[in-house]
Amino acid sequence: MPSGLTILDVRDRITKARSVTVLTGAGISADSGVPTFRGPEGLWKNYRPEELASPEAFARDPKLVWEWYNWRRELVATKHPNAAHETIVELERRIEHFWLITQNVDGLHALAGSQRLSEIHGNIWKVRCTQCNRISPNRDLPLVYPPICTDCSGLLRPHIVWFGESLDQEDMSRSYQALQTCDILLIIGTSGVVYPAASFASIAKDGGALVVELNLDPTPNSSVVDVAFQGRAKDLVPLLHGVT
C-alpha cells in the first residue's frame, strides 16, 4: 500500500484520469438513512430477508413478498441522495470514461442524476413481469396488490436479483469492461466480501488501476487495495472533487 497517498493525492489522480470506475454499497445509502434490512434491525414480521427475497418465497406467497417490498419502498421513499451521491454525479460529468457499479437497490444514484451506471442487484422502483419479462418503472405507494402487467396481464414482481438468481449478464459484461480498463477504481461503502463484487478490486489492480477504498471501517479488501480511508461516505467522497 502506498502509505504516502492522502485523499488529496487521490483527488489529483482523479483530476488527471481518463477512466474512473466506482463501486458503491450499503454504506453510501446508510448516510442517507436507508436501513440495511440485514441483521436484527432487518427483521420484518419475524421474517429475515433471506426468507423473503427468493423466487421460492414469491412462488409460495407473492402477496407476503410484495407487502415486505412495499414496506421497504415506503421507508426508502423518505430518503434523499447525500453529498456522496452528488459528488459521484459530478465525477461522471467531468470524466471522459466513467462507470458506476452499485450493489444498492434504492435508486438513490439515479435520483441524484447518475446515468452511466449498472444496478447489478436491481432497483426497488422497477418491476418485472413474470410472464413477458417486461421491465418498467413503478413508484406506486402503497402498491396495490396484485400488480398486473399492462402488456400481458401477468403478475409483476420486484426487479431485484433474489437469492439463487444470477446477475444480469449485460450489466456484468459492462461492469467487467469498466473494471478492466479504468485508471482508478473507487470502492465506496462496501465490504466487498460478496461475489462477484469481492473480485472487483483484484480485477482493477490486474489492469493497472489505482484502487481506493472509502469505508466506515476496515474491510477484508483493505489489505488488497492501494489505499484505504476510513470515514463516512458523505464526508470523504466530496473531498475527491474538492467539495467541502
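Conventions adopted
- Residues numbered from 1 in each chain as written.
- Predicted model: local features only at pLDDT ≥ 70, side-chain atom pairs only at ≥ 80, totals over all residues.
- Heavy atoms only, no water.
- Pairing = 2+ DSSP bridges.
- Helix = DSSP H or I, 4+ residues; strand = E, 2+ residues; numbered from the N terminus.
- Axes fitted to C-alpha atoms, helices over the stretch in contact; angles between N-to-C directions.
- Contact = heavy atoms within 4.5 Å.
- 1 Å grid on protein atoms, 1.4 Å probe; cavity = no way out; pocket = protein on both sides within 12 Å on 5 of 7 lines; lining within 4 Å.
- Points joined across faces, edges and corners; volume = space filled by probe spheres on them.
- Nonpolar A, V, L, I, M, F, W, Y, C, P; charged D, E, K, R; others polar.
- Buried < 20%, exposed > 50% of the residue type's maximum accessible area, 1.4 Å probe, protein only.
- Phe/Tyr/Trp six-rings, centres within 6.5 Å; stacked < 30°, edge-to-face > 60°.
- Lys NZ or Arg CZ within 6 Å of the ring centre and 35° of its normal.
- UniProt positions renumbered as here; feature names shortened; annotations may be inferred.
- Core = buried A, V, L, I, M, F, W, Y, C linked by side-chain atoms within 4.5 Å.

Trainee: What's the story with the sheet that holds strand β3 (residues 117–119) in this structure? I'm lost.
Mentor: Where strands meet in a sheet, backbone hydrogen bonds hold them as pairs that are either parallel or antiparallel. Taken in spatial order, the six strands of this open sheet run β3-β2-β1-β7-β8-β9, and their pairing is parallel. With one partner strand each, in any of the chains shown, β3 and β9 (227–230) form the two edges of the open sheet. Strand after strand, the sheet turns through a mean of 15° between neighbouring axes, direction not considered. Here four bridges tie strand β8 (residues 210–215) to β9, and the two strands are oriented parallel to one another. Bridging across to β9, valine 212 finds its partner in valine 227. Helix α6 (residues 83–94) contacts β1 (19–24), β2 (97–102) and β7 (184–188) of the sheet and is inclined by roughly 150° relative to β2.

Trainee: Please clarify how the layout of surface pockets should be interpreted in this entry.
Mentor: Here the idea is plain: a probe the size of a water molecule rolls over the atoms and shows the empty space left. Taken as a whole, the second largest pocket holds about 280 Å³ of empty space. Split by residue class, the lining of the second largest pocket holds six nonpolar, five polar and six charged.

Trainee: Looking at this structure, I do not really get the pairing of β2. What am I missing?
Mentor: In summary, the side chains of a regular strand alternate between the two faces of the sheet. Burial runs high along β2: five of the six residues are buried. In terms of strand pairing, β1 meets β2 through six bridges, oriented parallel. Bridge pairing in β2 places leucine 23 opposite isoleucine 101. Judged from the three bridges that link them, β2 and β3 form a sheet pairing that is parallel. Pairing of leucine 100 across the sheet is with leucine 117, part of β3.

Trainee: Any chance you could explain the packing of aromatic side chains here in plain terms?
Mentor: Between two aromatic rings, the relevant description is the distance of the centres plus the angle of the planes. Counted under the stated rule, the structure contains five aromatic pairs. With a centroid separation of 4.8 Å and 65° between ring planes, the pair formed by tryptophan 68 and tyrosine 69 is classed as edge-to-face. Neither tryptophan 68 nor tyrosine 69 differs from the other in exposure class; each is buried. On the basis of an interplanar angle of 85° and a centroid distance of 6.0 Å, the ring pair of tyrosine 176 and phenylalanine 200 is categorised as edge-to-face. Residue tyrosine 176 is located in helix α8 (residues 169–181), and its partner phenylalanine 200 is located in helix α9 (residues 200–206); the two are separated by 24 residues in the primary sequence. Members of the aromatic cluster, connected to one another through ring pairs, are Phe58, Trp66, Trp68, Tyr69 and Trp162. Sitting above the plane of the tryptophan 68 ring, arginine 72 keeps its charged end 4.8 Å from the centroid. Residue placement shows arginine 139 over the ring face of tryptophan 125; its charged tip is 4.1 Å from the ring centre.

Trainee: Which parts of the structure should I look at to understand the UniProt feature "binding site: Zn(2+)" (unreviewed entry) in the protein chain?
Mentor: Here the UniProt-annotated "binding site: Zn(2+)" (unreviewed entry) positions come out as Cys129, Cys132, Cys149 and Cys152. In three dimensions, the annotated residues from a span of 24 residues occupy one location, with a maximal C-alpha spread of 8.6 Å. Counting through the fold element by element, cysteine 129 comes out in strand β4 (residues 122–129). Once residues within four sequence positions are removed from consideration, cysteine 129 is found in contact with Arg134, Cys149, Cys152, Gly154, Leu155 and Leu156. Tracing the chain through its elements places cysteine 149 in the loop between β5 (135–137) and β6 (156–160). The exposure class assigned to cysteine 149 is buried, which follows from its relative accessible area of 5%. Ignoring sequence-local partners within four residues, the contact set of cysteine 149 consists of Cys129, Cys132, Gly154 and Leu156.

Trainee: Sorry, what's going on with the environment of leucine 64 here?
Mentor: With respect to the helices, strands and loops of the structure, leucine 64 is situated in helix α5 (residues 62–76). On a C-alpha basis, the gap between leucine 64 and leucine 52 in space is 8.1 Å, while along the polypeptide they are twelve residues apart. Apart from the residues lying within four places of it in its own chain, the contact partners of leucine 64 are Trp44, Tyr47 and Leu52.

Trainee: Help me understand the nonpolar core, please; the structure alone is not making it clear to me.
Mentor: Note on soluble globular proteins: their nonpolar side chains tend to be buried together. Counting residues in each nonpolar core, the largest one holds 27 residues, and the members touching the most others are Leu186 and Ile188. Looking at this core, the elements with two or more residues in it are α1 (7–16), β1, α6, β2, β7, β8, β9 and α10 (233–236). Not counting residues up to four positions away in its chain, the partners in contact with isoleucine 188 are Val22, Leu23, Thr24, Gly25, Ile28, Ile88, Leu214, Ala233 and Val237. Listed in part, the 23 residues of the second largest apolar core include Val34, Val105, Cys149 and Trp162.

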